[in-house]
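# An overview of the molecular structure
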Amino acid sequence: MSTPLVFHYVVDGENFTSAGEASVQVKKNLRVLGISPEIIRRVSIAMYEGEINMVIHAGGGEADVSVEPDGITIVLTDHGPGIADVNLAMQEGFSTAPDNIRALGFGAGMGLPNMKRYTDEMKIDTELGKGTKITMKVNI
């Protein structure tokens, strides 16, 4: 068994202009590794949605991406407020984003649904007042 290639990113929660930088970097790294464009697209979309959620709701967080022969695992960890109702949050269009965020074009309630849609596996571990850890896998 080979050791996975791991990339670590810090997502700045104070800066909307830098949101998405980690997913852009992951896309570049996966391209260099020769991963198929379809897999890169799916990973990039899921990662971007997660980054935006961390900026909007949690004041930032961390992203770890592991590349193995059978798939790519994305682990997003934050220390935000947690998700009060995961089932409700998974419904397309449901959002707790404030109006000022919506005015910027974010917070349409598609983040978590899109993360699930573009990955083969997704697990949400969340605790109110402590934060959220989302683990996603895209099979190769």
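The shown structure was predicted, so the numbers you read here are calculated from the model rather than taken from an experiment.

### Quick notes on the overall build of the chain
Helices and strands together make up the secondary structure of the chain, namely five helices and five strands. Listing the helices and strands of the chain from first to last along the sequence gives β-α-α-β-β-α-α-α-β-β. Here the chain has a C-alpha radius of gyration of 14 Å; the compact-globule value for 140 residues is 14 Å, and the two agree. The C-alpha extent of the chain, read off along each of the three principal axes, is 45 × 30 × 25 Å. The contacts in the chain between residues at least 6 apart in sequence include a share of 62% that link residues at least 24 apart. When the accessible surface of the chain is totalled, it reaches about 7,500 Å², and 52% of it is carbon and sulfur. Side-chain charges of the chain comprise 12 positive and 18 negative groups, with the mean position of each set lying 5 Å from the other.

About the criteria used
Residues numbered from 1 in each chain as written. Predicted model: local features only at pLDDT ≥ 70, side-chain atom pairs only at ≥ 80, totals over all residues. Heavy atoms only, no water. Helix = DSSP H or I, 4+ residues; strand = E, 2+ residues; numbered from the N terminus. Rg over C-alpha atoms; globule rule 2.2 N^0.38 Å. Contact = heavy atoms within 4.5 Å. Areas by Shrake-Rupley, 256 points an atom, 1.4 Å probe, with all protein chains shown as cover. Lys, Arg positive; Asp, Glu negative; His and termini not counted. Charge placed at Lys NZ, Arg CZ, Asp CG, Glu CD.

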